[in-house]
Amino acid sequence: MSKNAYAQSGVDVEAGYEVVERIKKHVARTERAGVMGALGGFGGMFDLSKTGVKEPVLISGTDGVGTKLMLAIKYDKHDTIGQDCVAMCVNDIIAAGAEPLYFLDYVATGKNEPAKLEQVIAGVAEGCVQSGVALIGGETAEMPGMYGEDDYDLAGFAVGVCDKKKMITGEELKAGDVLIGMASTGVHSNGFSLVRKVFDMTRESLDTYYEELGTTLGEALLAPTRIYVKALKSIKNAGVRVHACSHITGGGFYENIPRMLKEGTRAVVEKNSYPVLPIFKLLAEKGNIDEQMMYNTYNMGLGMILAVDAADVDKTMEAIKAAGDTPYVVGRIEDGEKGVTLC
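Okay, so let's go over this structure. Quantities reported herein were computed from a predicted structural model and do not represent experimental measurements.

### Observations regarding the overall build of the protein
Scanning the protein from N- to C-terminus turns up 13 helices and 14 strands. Rg of the C-alpha trace for the protein: 21 Å, near the compact-globule value of 20 Å for 343 residues, within the 12% margin. Its C-alpha atoms give the protein principal-axis dimensions of about 75 × 55 × 30 Å. Counting only residues that meet the buried cut, the protein has 51% of its 343 residues in that class. The contacts of the protein with a sequence gap of at least 6 include a subset with a gap of at least 24, amounting to 85%.

Here's what the structure looks like:
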């Protein structure tokens, strides 16, 4: 068998080496205390003792960005999809009280295009920088026959740490607690299978400018998922104890808010307490989607919802604003059957 037989099968080893060289500068941006070893080893290493946590509990999460990838590929915009991947993972683990420590990514593609994959990893690195996490490893797999030449898939894995006594478990939740929501940037990374049914996924359609959006459809839909790590850290530093927290992802309000509740508590969310983003109004109108389905699929403008004691509301709002996020008082906790009421 000739030396270039592997290349003839569709796998370009040299392109793989080029990707590694291209991404080194992006990985270097994510360096933080605790990182051990260098990029390229068989396993990413992290020294947990550098966190200074007395009773460390590791909290991990893994996720992808779903069919939002198809939009990025169609629109040929790859520099923010990596931030989406990081956000989906770190937002999950901070909801349990974790400080994210490190991240690993996995990219699979039909054809290794170093310049394009560099854009993807640059987006991952930007998400890591925003989250304060180190990008300590990953995998780029060239899989001709499994994926088309222009296609790729992206997934990630985040690990964080929390002092056992500071975990957000929902057990402290009580009637009278106030719900505070933090603004999302748009659709984030869920519900794109429905988005693709509502809108034509052509370049012409995605390049269409909508007055109500203030941008093209493609730009609005590809707006990267908001990362709430700094906001949660700011709340903690302000001395506020968060009683419960929910990352609003696939399943929207109806599926995600109950996940933060303990038995005997019910969340009441006032729909008019915050502005629903124009992209959701456009989706509902163009797709003839009823209100319940919208709230059961999308974040509707709130990417994270948390519950605090009523006495801590002002302090929490100020802490969120100080981190650069936009908070709204959106409801309350009542005694009742575990679930959520939208009114």
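### So, the pairing of strand β10 (residues 244-247)
Side chains Ala-244 and Ser-246 of β10 all project onto a buried face; the interleaved residues Cys-245 and His-247 project onto the opposite face, where all are buried too. With four bridges connecting them, β10 and strand β12 (residues 302-308) associate as antiparallel partners. Paired with Cys-245 across the strands is Leu-306, a residue of β12.

### Structural notes on the packing of helix α4 (residues 81-94) against helix α5 (residues 114-131)
Packing of α4 against α5 brings their axes to within 6 Å, and their N-to-C directions diverge by 40°. Here α5 runs oblique to α4, going by the angle between their axes. Handedness of the α4/α5 crossing: right-handed. For the pair formed by α4 and α5, the contact residues are Ile-81, Gly-82, Gln-83, Val-86 and Val-90 on the first element and Val-120, Gly-123, Val-124, Glu-126, Gly-127, Cys-128, Gln-130 and Ser-131 on the second. Taken together, the residues of the contact of α4 with α5 break down into six nonpolar, six polar and one charged.

### A closer look at the packing of aromatic side chains
Tallying each qualifying case throughout the model produces four aromatic pairs. Ring centres of Phe-253 and Tyr-295 lie 5.2 Å apart, and the angle between their planes is 85°; this geometry places the pair in the edge-to-face category. Remark: Tyr-295 occurs in helix α12 (residues 291-295) and Phe-253 occurs in helix α10 (residues 252-256); sequence separation between them is 42 residues. The burial state of Phe-253 is the same as that of Tyr-295; both residues are buried. Both rings, one in Phe-280 and one in Tyr-298, keep their centres 5.9 Å apart while their planes meet at 45°; by these two values the pair is tilted.

### Some words on the nonpolar core
One finds Phe-103 and Phe-253 to be the most contacted residues of the largest nonpolar core, which totals 94 residues. Among the elements that take part in this core, α4 stands out by supplying eight residues, more than any other. In this structure Phe-253 touches Ile-248, Pro-258, Val-269, Tyr-274, Tyr-295, Tyr-298, Asn-299, Met-300, Leu-302, Ile-305, Val-340 and Leu-342, once residues within four positions along its chain are discounted. Tyr-102, Ala-134, Val-159 and Val-161 belong to the second-largest nonpolar core, a separate cluster that totals seven residues.

### Digging into the sheet that holds strand β7 (residues 178-183)
Ordered by their spatial adjacency, six strands build an open sheet running β10-β12-β7-β13-β11-β14, and the pairing between neighbours is mixed. What marks the edges here is a single partner per strand, and that holds for β10 and β14 (339-342). The sheet shows a mean angle of 25° between the axes of neighbouring strands, taken without regard to direction. Summarising the sheet, strand β11 (residues 265-269) and strand β13 (residues 327-335) pair through five bridges and their orientation is antiparallel. Paired with Arg-266 across the bridge in β13 is Glu-334.

### Focus: unusual backbone geometry
Residue Asn-288 is not a glycine yet carries a positive backbone phi of 55°. Within the secondary structure, Asn-288 is located in the loop between α11 (278-287) and α12. With relative accessibility at 73%, the residue Asn-288 sits in the exposed group. The phi angle at Met-300 is positive, at roughly 55°, despite the residue not being glycine. Relative to the helices and strands, Met-300 is located in the loop between α12 and β12. Judged by relative accessible area, which is 6%, Met-300 ranks as buried.

### Brief notes about the pattern of salt bridges
Pairing between side chains of opposite charge can happen when their charged atoms approach one another. Inspection of the entire model under this criterion finds 18 salt bridges. Between Lys-174 and Asp-309 there is a salt bridge, and its shortest N-O distance comes to 2.8 Å. Placement of the pair is Lys-174 in the loop between β6 (152-163) and β7 and Asp-309 in the loop between β12 and α13 (313-322), with a sequence separation of 135 residues. Of the residues examined, Lys-174 reaches a relative accessible area of 35% and is grouped as partly exposed. Among the ionic pairs, Lys-338 bridges to Glu-263, the shortest N-O distance being 4.0 Å. One end of the pair, Lys-338, is in the loop between β13 and β14; the other, Glu-263, is in the loop between α10 and β11, and 75 residues separate them in sequence. In the salt-bridge network here, residues are joined through shared partners; they are Arg-22, Lys-25 and Glu-118.

### Describing the sheet that holds strand β5 (residues 134-142)
The four strands lie next to each other as β3-β6-β4-β5, forming an open sheet whose pairing is mixed. What marks the edges here is a single partner per strand, and that holds for β3 (56-64) and β5. Shown here is a sheet whose adjacent strand axes are inclined to one another by a mean of 15°, direction ignored. For β3 and β6, the ladder comprises nine bridges, and the chain directions are antiparallel.

What counts, and where the lines are drawn
- Residues numbered from 1 in each chain as written.
- Predicted model: local features only at pLDDT ≥ 70, side-chain atom pairs only at ≥ 80, totals over all residues.
- Heavy atoms only, no water.
- Helix = DSSP H or I, 4+ residues; strand = E, 2+ residues; numbered from the N terminus.
- Rg over C-alpha atoms; globule rule 2.2 N^0.38 Å.
- Buried < 20%, exposed > 50% of the residue type's maximum accessible area, 1.4 Å probe, protein only.
- Contact = heavy atoms within 4.5 Å.
- Pairing = 2+ DSSP bridges.
- Axes fitted to C-alpha atoms, helices over the stretch in contact; angles between N-to-C directions.
- Parallel < 35°, antiparallel > 145°, perpendicular 65-115°, else oblique.
- Left-handed = near helix turned anticlockwise from the far one by under 90°.
- Nonpolar A, V, L, I, M, F, W, Y, C, P; charged D, E, K, R; others polar.
- Phe/Tyr/Trp six-rings, centres within 6.5 Å; stacked < 30°, edge-to-face > 60°.
- Core = buried A, V, L, I, M, F, W, Y, C linked by side-chain atoms within 4.5 Å.
- Salt bridge = Lys/Arg side-chain N within 4 Å of Asp/Glu carboxyl O.

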